[in-house]
Amino acid sequence: MKDMISGVFYMLDDAFRIGEYVQSGSYKGTVESFSIRSVRLRHHRGPIFTVPFGELGAVQNMSRDWAKDKFLISVTYDTDLEKVRKIVKKVGAELLLDPEFGPFFIEPLKMKGVEEFGEYGMSIGFGMMLKPGGQQSVIRRRAFAMIREAFAAGGVEFSSPTVQVAGGDSDAAAALAAKQAMDRRVLMANASETTA
(Lines give C-alpha, C1' and ligand atoms only; values in the text may rest on other atoms or scores of the structure.)
Protein backbone atom coordinates (compact mmCIF):
# COMPACT_ATOMS: atom_id res chain seq x y z
CA MET A 1 0.00 0.00 0.00
CA LYS A 2 2.87 2.39 0.92
CA ASP A 3 4.47 1.77 -2.48
CA MET A 4 1.25 2.50 -4.37
CA ILE A 5 0.55 5.72 -2.46
CA SER A 6 4.14 6.91 -2.97
CA GLY A 7 3.87 6.06 -6.68
CA VAL A 8 0.74 8.21 -7.03
CA PHE A 9 2.60 11.19 -5.56
CA TYR A 10 5.64 10.68 -7.84
CA MET A 11 3.28 10.67 -10.83
CA LEU A 12 1.36 13.75 -9.62
CA ASP A 13 4.68 15.59 -9.09
CA ASP A 14 5.89 14.55 -12.55
CA ALA A 15 9.18 13.54 -10.87
CA PHE A 16 10.33 11.45 -13.84
CA ARG A 17 9.23 10.13 -17.19
CA ILE A 18 10.19 7.10 -19.28
CA GLY A 19 13.55 7.72 -20.93
CA GLU A 20 14.84 10.16 -18.31
CA TYR A 21 18.01 9.50 -16.29
CA VAL A 22 17.39 9.70 -12.54
CA GLN A 23 19.22 9.02 -9.29
CA SER A 24 17.82 8.20 -5.88
CA GLY A 25 20.19 7.14 -3.12
CA SER A 26 22.34 4.32 -4.51
CA TYR A 27 19.98 3.72 -7.43
CA LYS A 28 20.53 5.49 -10.74
CA GLY A 29 19.65 4.83 -14.33
CA THR A 30 17.31 5.51 -17.20
CA VAL A 31 13.62 5.02 -16.41
CA GLU A 32 12.55 2.07 -18.56
CA SER A 33 9.09 1.57 -17.11
CA PHE A 34 7.02 1.84 -13.95
CA SER A 35 4.06 -0.01 -12.52
CA ILE A 36 1.60 0.84 -9.79
CA ARG A 37 4.18 -0.03 -7.10
CA SER A 38 7.72 0.27 -8.56
CA VAL A 39 10.00 1.85 -11.15
CA ARG A 40 12.56 0.05 -13.34
CA LEU A 41 15.88 1.85 -13.80
CA ARG A 42 18.49 0.74 -16.34
CA HIS A 43 21.96 1.63 -15.03
CA HIS A 44 24.34 3.01 -17.68
CA ARG A 45 26.52 -0.11 -17.23
CA GLY A 46 23.60 -2.43 -17.95
CA PRO A 47 21.96 -3.71 -14.75
CA ILE A 48 18.27 -3.06 -14.13
CA PHE A 49 17.02 -1.95 -10.71
CA THR A 50 13.38 -2.53 -9.81
CA VAL A 51 12.81 -0.08 -6.98
CA PRO A 52 9.57 0.01 -4.97
CA PHE A 53 8.22 3.57 -4.82
CA GLY A 54 8.17 3.38 -1.02
CA GLU A 55 12.00 2.97 -1.01
CA LEU A 56 12.75 5.53 -3.70
CA GLY A 57 13.00 8.67 -1.56
CA ALA A 58 14.16 11.96 -3.08
CA VAL A 59 14.69 11.73 -6.84
CA GLN A 60 17.35 13.66 -8.73
CA ASN A 61 16.26 13.97 -12.37
CA MET A 62 19.30 14.54 -14.59
CA SER A 63 17.37 14.64 -17.85
CA ARG A 64 14.87 17.44 -17.35
CA ASP A 65 15.27 20.65 -19.40
CA TRP A 66 19.03 21.33 -19.01
CA ALA A 67 22.18 20.34 -17.11
CA LYS A 68 25.07 22.53 -15.96
CA ASP A 69 28.53 21.06 -15.96
CA LYS A 70 31.11 22.87 -13.82
CA PHE A 71 34.74 21.99 -13.17
CA LEU A 72 37.99 23.47 -11.85
CA ILE A 73 41.45 23.56 -13.40
CA SER A 74 44.49 24.59 -11.38
CA VAL A 75 47.15 26.77 -13.04
CA THR A 76 50.31 28.51 -11.84
CA TYR A 77 50.07 31.86 -10.06
CA ASP A 78 51.84 33.73 -12.87
CA THR A 79 49.20 32.68 -15.42
CA ASP A 80 47.66 35.45 -17.54
CA LEU A 81 43.94 35.05 -16.80
CA GLU A 82 42.87 37.01 -19.85
CA LYS A 83 44.89 34.65 -22.02
CA VAL A 84 43.17 31.66 -20.38
CA ARG A 85 39.76 33.27 -20.96
CA LYS A 86 40.51 33.73 -24.67
CA ILE A 87 41.86 30.19 -25.06
CA VAL A 88 38.80 28.65 -23.39
CA LYS A 89 36.43 30.84 -25.40
CA LYS A 90 38.06 29.50 -28.57
CA VAL A 91 37.76 25.91 -27.30
CA GLY A 92 34.08 26.57 -26.51
CA ALA A 93 33.50 27.87 -30.04
CA GLU A 94 35.18 24.77 -31.52
CA LEU A 95 32.97 22.49 -29.42
CA LEU A 96 29.87 24.34 -30.65
CA LEU A 97 30.94 23.75 -34.26
CA ASP A 98 31.65 20.06 -33.66
CA PRO A 99 28.88 18.06 -35.39
CA GLU A 100 28.95 15.41 -32.65
CA PHE A 101 28.89 17.69 -29.58
CA GLY A 102 27.56 21.03 -30.81
CA PRO A 103 23.86 20.06 -30.81
CA PHE A 104 24.01 19.33 -27.05
CA PHE A 105 25.03 22.87 -26.05
CA ILE A 106 22.64 25.47 -24.66
CA GLU A 107 25.47 27.76 -23.45
CA PRO A 108 29.10 27.32 -24.58
CA LEU A 109 32.08 26.49 -22.40
CA LYS A 110 33.17 29.61 -20.49
CA MET A 111 35.70 30.60 -17.88
CA LYS A 112 33.94 31.72 -14.70
CA GLY A 113 36.99 33.11 -12.86
CA VAL A 114 39.35 32.27 -10.02
CA GLU A 115 37.59 30.06 -7.46
CA GLU A 116 40.37 29.59 -4.91
CA PHE A 117 44.06 29.93 -4.17
CA GLY A 118 45.91 26.74 -3.33
CA GLU A 119 49.39 25.79 -2.21
CA TYR A 120 50.72 25.32 -5.73
CA GLY A 121 48.46 27.46 -7.87
CA MET A 122 45.05 28.99 -8.39
CA SER A 123 41.91 27.07 -9.32
CA ILE A 124 39.89 28.53 -12.15
CA GLY A 125 36.22 27.65 -12.58
CA PHE A 126 34.69 26.70 -15.92
CA GLY A 127 31.14 25.86 -16.90
CA MET A 128 28.80 24.97 -19.75
CA MET A 129 25.07 24.39 -20.03
CA LEU A 130 24.00 21.30 -21.95
CA LYS A 131 20.83 19.61 -23.05
CA PRO A 132 20.02 16.60 -20.88
CA GLY A 133 20.69 13.12 -22.12
CA GLY A 134 23.77 11.71 -20.44
CA GLN A 135 26.36 13.30 -22.75
CA GLN A 136 27.84 15.58 -20.06
CA SER A 137 30.76 13.31 -19.13
CA VAL A 138 31.66 12.63 -22.78
CA ILE A 139 31.62 16.34 -23.62
CA ARG A 140 33.62 17.19 -20.47
CA ARG A 141 36.31 14.64 -21.40
CA ARG A 142 36.56 16.14 -24.90
CA ALA A 143 36.75 19.66 -23.42
CA PHE A 144 39.56 18.55 -21.06
CA ALA A 145 41.57 17.15 -23.97
CA MET A 146 41.08 20.31 -26.05
CA ILE A 147 41.95 22.60 -23.11
CA ARG A 148 45.12 20.61 -22.42
CA GLU A 149 46.25 20.95 -26.05
CA ALA A 150 45.30 24.64 -26.21
CA PHE A 151 47.10 25.43 -22.92
CA ALA A 152 50.25 23.67 -24.15
CA ALA A 153 50.15 25.61 -27.43
CA GLY A 154 49.47 28.89 -25.58
CA GLY A 155 52.16 28.41 -22.92
CA VAL A 156 49.71 28.10 -20.00
CA GLU A 157 51.05 25.80 -17.29
CA PHE A 158 48.99 23.60 -14.99
CA SER A 159 49.99 23.93 -11.36
CA SER A 160 51.94 21.11 -9.77
CA PRO A 161 53.80 20.60 -6.50
CA THR A 162 57.22 22.26 -6.61
CA VAL A 163 60.10 22.71 -4.20
CA GLN A 164 62.22 25.85 -4.14
CA VAL A 165 65.62 25.82 -2.50
CA ALA A 166 66.87 29.15 -1.23
CA GLY A 167 70.40 30.02 -0.21
CA GLY A 168 72.39 31.80 -2.84
CA ASP A 169 73.76 31.11 -6.24
CA SER A 170 74.82 27.72 -7.57
CA ASP A 171 78.56 28.61 -7.85
CA ALA A 172 78.71 29.23 -4.11
CA ALA A 173 76.89 25.95 -3.41
CA ALA A 174 79.29 24.05 -5.69
CA ALA A 175 82.30 25.66 -3.99
CA LEU A 176 80.95 24.73 -0.55
CA ALA A 177 80.38 21.10 -1.64
CA ALA A 178 83.93 20.92 -3.05
CA LYS A 179 85.40 22.34 0.19
CA GLN A 180 83.45 19.82 2.29
CA ALA A 181 84.66 16.95 0.09
CA MET A 182 88.28 18.21 0.44
CA ASP A 183 87.91 18.47 4.23
CA ARG A 184 86.67 14.86 4.35
CA ARG A 185 89.67 13.67 2.31
CA VAL A 186 92.06 15.52 4.62
CA LEU A 187 90.40 14.00 7.69
CA MET A 188 90.57 10.51 6.18
CA ALA A 189 94.23 11.00 5.24
CA ASN A 190 95.05 12.19 8.76
CA ALA A 191 93.18 9.25 10.27
CA SER A 192 95.13 6.73 8.12
CA GLU A 193 98.47 8.35 9.07
CA THR A 194 97.54 8.11 12.74
CA THR A 195 96.68 4.41 12.53
CA ALA A 196 99.77 3.58 10.44
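Only a predicted model underlies this, so the values are computations on that prediction, with no experimental measurement involved.

Thresholds, definitions, all that
- Residues numbered from 1 in each chain as written.
- Predicted model: local features only at pLDDT ≥ 70, side-chain atom pairs only at ≥ 80, totals over all residues.
- Heavy atoms only, no water.
- Salt bridge = Lys/Arg side-chain N within 4 Å of Asp/Glu carboxyl O.
- Helix = DSSP H or I, 4+ residues; strand = E, 2+ residues; numbered from the N terminus.
- Buried < 20%, exposed > 50% of the residue type's maximum accessible area, 1.4 Å probe, protein only.
- Patch = residues over 30% accessible without salt bridge, like charges linked within 9 Å, V, L, I, M, F, W, Y side chains within 5 Å.
- Areas by Shrake-Rupley, 256 points an atom, 1.4 Å probe, with all protein chains shown as cover.
- Phe/Tyr/Trp six-rings, centres within 6.5 Å; stacked < 30°, edge-to-face > 60°.
- Pairing = 2+ DSSP bridges.
- Axes fitted to C-alpha atoms, helices over the stretch in contact; angles between N-to-C directions.
- Parallel < 35°, antiparallel > 145°, perpendicular 65-115°, else oblique.
- Left-handed = near helix turned anticlockwise from the far one by under 90°.
- Contact = heavy atoms within 4.5 Å.
- Nonpolar A, V, L, I, M, F, W, Y, C, P; charged D, E, K, R; others polar.

Asker: Is there a simple way to explain the pattern of salt bridges in this structure?
Answerer: Note on pairing: side chains with opposite charge can pair once their charged atoms come close. Inspection of the entire model under this criterion finds four salt bridges. Measuring nitrogen to oxygen at the nearest pair gives 2.4 Å for the salt bridge that ties glutamate 82 to arginine 85. In this pair, glutamate 82 and arginine 85 both sit in helix H3 (residues 81-97), three residues apart, roughly one turn of the helix. Given the relative accessible area of 38%, glutamate 82 is considered partly exposed.

Asker: How should I be thinking about a nonpolar patch on the surface in this particular structure?
Answerer: A cluster of nonpolar side chains, namely Met1, Met4, Ile5, Val8, Phe9, Leu12 and Ile36, defines an oily patch on the protein surface of about 770 Å² accessible area. Examined against the element boundaries, isoleucine 36 turns out to sit in the loop between strand S2 (27-34) and strand S3 (38-42).

Asker: Just to check I follow, could you spell out the packing of aromatic side chains for this structure?
Answerer: For any pair of aromatic rings, the description consists of the separation of the ring centres together with the inter-plane angle of the planes. In the structure shown here, the tally under the stated rule is nine aromatic pairs. When the centroid spacing of 4.9 Å and the interplanar angle of 90 degrees are considered together, the rings of phenylalanine 71 and phenylalanine 144 count as edge-to-face. Highlighted residues: phenylalanine 71 in strand S6 (residues 67-75) and phenylalanine 144 in helix H4 (residues 136-154), separated in sequence by 73 residues. Using a relative accessible area of 8% as the deciding quantity, one classes phenylalanine 71 as buried. Members of the aromatic cluster, connected to one another through ring pairs, are Tyr10, Phe16, Phe34 and Phe53.

Asker: Hey, could you run me through the sheet that holds strand S5 (residues 60-61) in this one?
Answerer: Reading across from one edge, S4-S3-S2-S1-S5 is the order of the five strands in this open sheet, with antiparallel pairing throughout. The open sheet has two edge strands, strand S4 (48-52) and S5, and neither has a second partner. Judged from the five bridges that link them, S3 and S4 form a sheet pairing that is antiparallel. Counted as the bridge partner of arginine 42 is isoleucine 48 from S4.

Asker: What is the right way to read the packing of H3 against H4 from this model?
Answerer: For any two helices packed against each other, the geometry is given by the interaxial angle and the distance between the axes. One can describe the packing of H3 onto H4 by two numbers: an axis separation of 10 Å at closest approach and a directional angle of 135 degrees. By the criterion of interaxial angle, the relationship of H3 to H4 is oblique. Taken as a pair, H3 and H4 cross one another with a handedness that is right-handed. Contact residues: H3 offers Lys83, Val84, Ile87, Val88, Val91, Glu94 and Leu95, while H4 offers Arg142, Ala143, Met146, Ile147, Ala150, Phe151 and Gly154. A per-class count over the contact of H3 with H4 returns 10 nonpolar, one polar and three charged.

Asker: What is the right way to look at the sheet that holds strand S8 (residues 122-130) in this model?
Answerer: Through backbone hydrogen bonds, the strands of a sheet pair up, either in parallel or in antiparallel fashion. On the basis of which strands lie adjacent, the open sheet formed by three strands has the order S6-S8-S7 and antiparallel pairing. One side of each edge strand has no neighbouring strand; the edge strands of this open sheet are S6 and strand S7 (105-117). On average, each strand axis in the sheet is inclined to that of its neighbour by 20 degrees, with strand direction left out of account. Across nine bridges, S6 lies against S8 in antiparallel orientation. Paired with aspartate 69 across the bridge in S8 is methionine 128. Sheet contacts for H3: S7 and S8; angle to S7, the most-contacted strand, approximately 155 degrees. Set on the sheet, H4 makes contact with S6, S7 and S8; between it and S6 the angle comes to about 30 degrees.

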